[in-house]
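If you want the building blocks of each chain, they are given just below.
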Amino acid sequence: MITQQAPLTLALPKGRMAEKCATFLAASGLSVPTTDDDRLLIIENESGTVRHIMTKPTDVPTLVEYGAADMGICGLDTLRESGGNVFEPLLLPYEYCRLSVCGVANQPHPQLRYMSQPRVATKYTNLASQFFQERGINAEIIKLHGSVELGPLVGLADLIVDIVSTGTTLRVNGLVEIRTIMESQAVVIANPASYRLKSTLIQDALDRMRQALKTIDAEKAAVSRGKL
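Residues numbered from 1 in each chain as written. Predicted model: local features only at pLDDT ≥ 70, side-chain atom pairs only at ≥ 80, totals over all residues. Heavy atoms only, no water.

**Overview of the side chain of Thr55**
Okay, so step 1: For Thr55, the location among the structural elements is in strand 3 (residues 50-55).
Okay, so step 2: Leave out the neighbours within four places in its chain, and Thr55 touches Leu12, Pro13, Lys14, Val60 and Leu63. (Helix = DSSP H or I, 4+ residues; strand = E, 2+ residues; numbered from the N terminus. Contact = heavy atoms within 4.5 Å.)

**As for the sheet that holds strand 7 (residues 119-122)**
Pairing between the strands of a sheet is mediated by backbone hydrogen bonds and can be parallel or antiparallel.
Okay, so step 1: Taking strand neighbours across the sheet as the criterion, the 5 strands line up as 8-7-9-6-10 in an open arrangement whose pairing is mixed. The strands lining the two open edges of the sheet, one partner per strand, are strand 8 (140-143) and strand 10 (175-184). Pairwise comparison of adjacent strand axes, ignoring direction, gives a mean angle of 30° for this sheet.
Okay, so step 2: As paired elements, strand 7 and strand 9 (residues 159-164) share 3 bridges and run parallel to each other. Bridging across to strand 9, Ala121 finds its partner in Ile160.
Okay, so step 3: Sitting on the sheet, helix 4 (residues 125-134) touches strand 6 (97-104), strand 7, strand 8, strand 9 and strand 10, and the angle it makes with strand 8 is about 170°. (Pairing = 2+ DSSP bridges. Axes fitted to C-alpha atoms, helices over the stretch in contact; angles between N-to-C directions.)

**Structural notes on helix 1 (residues 18-27)**
Okay, so step 1: Listing the buried residues of helix 1 in full gives Cys21, Phe24 and Leu25. Buried residues of helix 1, seen end-on, are gathered within an arc of 100° and therefore sit on one face of the element. Pointing more than 90 degrees away from the buried face of helix 1 are the exposed residues Glu19, Thr23 and Ala27.
Okay, so step 2: After helix 1 finishes, the residue Gly29 shows a positive phi value of roughly 75°. (Buried < 20%, exposed > 50% of the residue type's maximum accessible area, 1.4 Å probe, protein only. Arc of directions from axis to C-beta.)

**Focus: a nonpolar patch on the surface**
Okay, so step 1: Judged by side-chain polarity, Leu150, Leu153, Val154 and Leu156 come together as a nonpolar surface patch covering roughly 340 Å² of accessible area.
Okay, so step 2: For Leu156, a relative accessible area of 33% puts it in the partly exposed group. (Patch = residues over 30% accessible without salt bridge, like charges linked within 9 Å, V, L, I, M, F, W, Y side chains within 5 Å. Areas by Shrake-Rupley, 256 points an atom, 1.4 Å probe, with all protein chains shown as cover. Salt bridge = Lys/Arg side-chain N within 4 Å of Asp/Glu carboxyl O.)

**Topic: the sheet that holds strand 3**
Okay, so step 1: The 6 strands lie next to each other as 2-3-1-4-11-5, forming an open sheet whose pairing is mixed. Edge positions in the sheet fall to strand 2 (42-44) and strand 5 (87-91), since each of these pairs with one other strand and no more. Put simply, the sheet's adjacent strands are angled 25° from each other on average, direction ignored.

**Considerations on the packing of aromatic side chains**
Okay, so step 1: Taken as a whole and judged by the stated rule, the model has 3 aromatic pairs.
Okay, so step 2: Their ring planes at 55° and their centres at 6.4 Å tell us that Phe24 and Tyr94 sit as a pair that is tilted. Note that Phe24 is positioned in helix 1 and Tyr94 in the loop between strand 5 and strand 6, a separation of 70 residues in sequence.
Okay, so step 3: Its relative accessible area of 4% is what places Phe24 among the buried residues. (Phe/Tyr/Trp six-rings, centres within 6.5 Å; stacked < 30°, edge-to-face > 60°.)

**Focus on the pairing of strand 9**
Okay, so step 1: Extensive coverage of strand 9 is indicated by the burial of 5 of its 6 residues.
Okay, so step 2: By the bridge criterion, 5 bridges tie strand 6 to strand 9 in an arrangement that is antiparallel. Bridge assignment links Leu99 to a residue of strand 9, and that residue is Ile163.

**Remarks on unusual backbone geometry**
Okay, so step 1: Not every positive phi belongs to a glycine, and Glu95 is a case in point at roughly 60°.
Okay, so step 2: Note that Glu95 resides in the loop between strand 5 and strand 6.
Okay, so step 3: Owing to a relative accessible area of 11%, Glu95 belongs among the buried residues under this scheme.

**Some points on the pattern of salt bridges**
Okay, so step 1: Counted by the stated rule, this structure contains 10 salt bridges.
Okay, so step 2: Across the pair Glu95 and Lys20 runs a salt bridge, and its minimum N-O distance is 3.2 Å. Taken together, the residues Glu95 in the loop between strand 5 and strand 6 and Lys20 in helix 1 connect sequence positions 75 residues apart.
Okay, so step 3: The salt bridge partner of Asp37 is Arg39, with a shortest N-O separation of 3.0 Å.
Okay, so step 4: Classification of Arg39 as exposed rests on a relative accessible area of 66%.

Right, dumping it as structure tokens:
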């Protein structure tokens, strides 16, 4: 009796990262989630060999850690904030940014270790708490889900911890970076059990991704040589 192998399940972020993930999957020769209804949360390819779970970026590490998905793509910042127990086989060359401590511009900012009980607004409560605790700073961490930049502007917080890419949003709102906590980019993650039980499928997907990265690097090198 022939039994059909369970599909490879990928957790992919909705929103800003979705298009870049789809582009990279296509470049890797892997199945891309395709649907006419963007409300659809689970999308299978025509052969039924790959299933995509479309979810909030912050939920990708949880779905992979608990085995609801075999693999996923998320930001390294999101993964570190979750503390998820997953494998990290591959970094991807997009979604470059940094997690930073920021404050109001044109104000004297003492060295962080000399600050007394600063209030810090952030959605990265775990990473922020860890950063300040490691420096012996008794910071009050205030959870915000939306525009964290509002914290200092309305007197809710002294500092913020947030993702910075170009820095434009900070400048527009009169804020500046004080200290970088970590650098971030997109990362491929895998469930440890799936990594063993579906090793052939996962290794094939990773090999395709690595080959796509080599092609991307070669194209960048060719462009760079052309500019010389």
